[in-house]
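# Notes for the structure review
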Amino acid sequence: MSERGISFEDLENLAGVKVARLGRKQINYVELEEPEKKAVLRVFEAGLQHLYKVAPAVARDIERQRNLVLTMAGVAKATFPTLKSYSFPSQPGGLGVAWLIPQALKYVATPSSDTPAYTGYKTNTWEIDLTAGTAAWILGDGTNYYKASPQTNKHSFVLIFENGLIEVASTPVTDQFKLVSEVAQNIGIYTIEPLVEIPVEDGKAIYQYPTPFGALHVDHNVGVMWGFMPRYSGKSHKMPPIGMVFYEHDFLSDLTWVS
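Presented here is a report on the structure given in the accompanying data block. Predicted model only: the values in this text are computed from it and were never measured.

Next up on the list: the nonpolar core. Most often, soluble globular proteins keep nonpolar side chains buried together rather than apart. Among the nonpolar cores identified, the biggest contains 38 residues, and Val40, Leu68, Met72, Phe161, Met244 and Phe246 are the most heavily contacted of them. Residue assignment for this core shows that the elements contributing at least two residues are helix H1 (8-15), strand E2 (26-29), helix H2 (34-54), helix H3 (56-63), helix H4 (66-79), strand E3 (95-99), strand E6 (156-168) and strand E13 (241-248). Sort the elements by how many residues they give to this core and H4 lands first, with seven residues. Membership of the second largest hydrophobic core comes to 37 residues, among which are Leu22, Ala98, Val108 and Ile138.

Written as C-alpha cells, this is what we have:
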C-alpha cells in the first residue's frame, strides 16, 4: 500500500494505545504487507515470551501493545527515505526489527549534530550515573535533542512502549520527569504517584514508571529530550527502557559494539 499522512487520532485508533504527540498533529504511515507483519510479530512474540518468564506483570502491560508494534513499524517504514520491506532476519536492502538494545539507542560513542545519539546512558549498557538534584537524561542531554540514526542506509526508528521505563534497583530514584521535543519545547513536567516505590514483581527489585504521554517514538527528523530529577546519587544505575527498534539493514547488519 502507498504511504499516506494520518492524524494522531487515527494513529492511536490503529495502535490501541496512547502515543506521545509532542507538538505533532500528523504522521506518515504505510500499512505493512502480510509477510512483513509476520516478521515483526515473530520478533515481538519471541521477546514477550521470555519477558513473561522474568517479569509477568510487565509482560502483561507490553502484550496489550501488539497493535502498537505493527502500527509503528508502518510509521517507521514511511519515515525512512526509501520505501523498503521488513523481513526477519533482515536482508541487505531491506528493513529489520529488534528489541531495543543499548547499541541501537546510543549508536555512536560520541554524539554530534550529524549523529545526535545524545543520552545519559553509558555506551553499550543500560547504566546511567546519577547525582541527586541534577537532571539525568534518558534521551538528549539537557541542551541537545536525541534523534534516531540519520545515516544513509542506516536509518533507525526507536519505539519505547507505554509504561516501558523500568528500574532495577533497591529503591526508585525519581518521581518527576520532563518530556519535550523540538516542536514542543515549553511543556511542563509530569510526576509519578508515590506507590511506584513498590516493586511490580513479588520478590524482585523491578519497578515500573507510568508514562502518561503514552508510548514514545523517535525518528531521525524530530529531536526529543526526556529527563528526570534523581533523589539519590549513584554510579551505574540500571534503568532500561523496554521497546523496539526498526531500522535499515545496515544499521544492525552484524554483531555490534559501539566504540
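Before going further, it helps to examine the packing of aromatic side chains. Enumeration according to the criterion identifies 13 aromatic pairs in this entry. Their ring planes at 10 degrees and their centres at 5.2 Å tell us that Phe177 and Tyr190 sit as a pair that is stacked. With Phe177 in strand E7 (residues 176-181) and Tyr190 in strand E8 (residues 190-191), this residue pair connects regions lying 13 residues apart in the sequence. In this structure Phe177 comes out as buried when scored by relative accessible area, which is 1%. With a relative accessible area of 8%, Tyr190 lands in the buried category. Pairwise contacts between aromatic rings join Phe177, Tyr190, Tyr209, Phe213 and Phe228 into one cluster.

A full pass over the atoms with the stated rule returns one cavity of 30 Å³ or more. Estimated volume of the largest cavity: approximately 60 Å³. Lining the largest cavity are Ile160, Phe161, Leu179, Tyr190, Thr211, Phe213, Gly214, Leu216 and Trp226. When its residues are assigned to classes, the lining of the largest cavity shows seven nonpolar, two polar and no charged.

Our next topic: unusual backbone geometry. A cis amide bond links Phe88 to the next residue, Pro89, at an omega of -5 degrees. With respect to the element layout, Pro89 can be found in the loop between H4 and E3. Despite not being glycine, Leu22 shows a phi value in the positive range, around 50 degrees. Residue Leu22 is classed as buried on the basis of its relative accessible area of 4%. Backbone geometry places Asn153, a non-glycine residue, at a positive phi of 65 degrees.

Time to look at the pattern of salt bridges. Any two side chains of opposite charge can pair, given that their charged atoms come close. By the definition in use, this model includes 15 salt bridges. Between Lys37 and Glu34 there is a salt bridge; the shortest N-O distance is 3.4 Å. Pair noted here: Lys37 and Glu34 are both in helix H2, with a separation of three residues, about one helical turn. A salt bridge links Glu36 to Lys77; the shortest N-O distance between them is 2.8 Å.

In this section: the layout of surface pockets. Each pocket or cavity is described by its volume, and for the largest pocket that value is around 380 Å³. Along the wall of the largest pocket there are 19 residues; nearest its centre are Leu51, Trp126, Pro240, Pro241 and Ile242. Counting residues per element, the ones that place at least two in the lining of the largest pocket are H2, helix H5 (102-105), E6 and E13. Among the elements that line the lining of the largest pocket, the one with the most residues is H2, at four residues. Volume-wise, the second largest pocket comes out at about 180 Å³. Split by residue class, the lining of the second largest pocket holds six nonpolar, four polar and three charged.

As for its placement among the helices and strands, Asp61 is situated in helix H3. Of the residues examined, Asp61 reaches a relative accessible area of 16% and is grouped as buried. When sequence neighbours within four positions are dropped, the list of residues in contact with Asp61 reads Asn163 and Gln208.

A few words on the side chain of Lys106. Topologically, Lys106 is positioned in the loop between H5 and strand E4 (127-130). One buried charge, Lys106, has no salt-bridge partner; the nearest side chain with opposite charge is Asp129, at 10.0 Å. For Lys106, the side chain forms a polar contact with the main-chain oxygen of Tyr121, separated by 3.3 Å. Once residues lying within four places of it in the same chain are set aside, the contact partners of Lys106 are Ala117, Thr119, Tyr121, Lys122, Thr123 and Val258.

Calculation criteria
- Residues numbered from 1 in each chain as written.
- Predicted model: local features only at pLDDT ≥ 70, side-chain atom pairs only at ≥ 80, totals over all residues.
- Heavy atoms only, no water.
- Core = buried A, V, L, I, M, F, W, Y, C linked by side-chain atoms within 4.5 Å.
- Buried < 20%, exposed > 50% of the residue type's maximum accessible area, 1.4 Å probe, protein only.
- Helix = DSSP H or I, 4+ residues; strand = E, 2+ residues; numbered from the N terminus.
- Phe/Tyr/Trp six-rings, centres within 6.5 Å; stacked < 30°, edge-to-face > 60°.
- 1 Å grid on protein atoms, 1.4 Å probe; cavity = no way out; pocket = protein on both sides within 12 Å on 5 of 7 lines; lining within 4 Å.
- Points joined across faces, edges and corners; volume = space filled by probe spheres on them.
- Nonpolar A, V, L, I, M, F, W, Y, C, P; charged D, E, K, R; others polar.
- Salt bridge = Lys/Arg side-chain N within 4 Å of Asp/Glu carboxyl O.
- Contact = heavy atoms within 4.5 Å.
- Lys, Arg positive; Asp, Glu negative; His and termini not counted.
- Polar contact = N/O pair within 3.5 Å; in protein donor to acceptor, adjacent residues only side chain to side chain.

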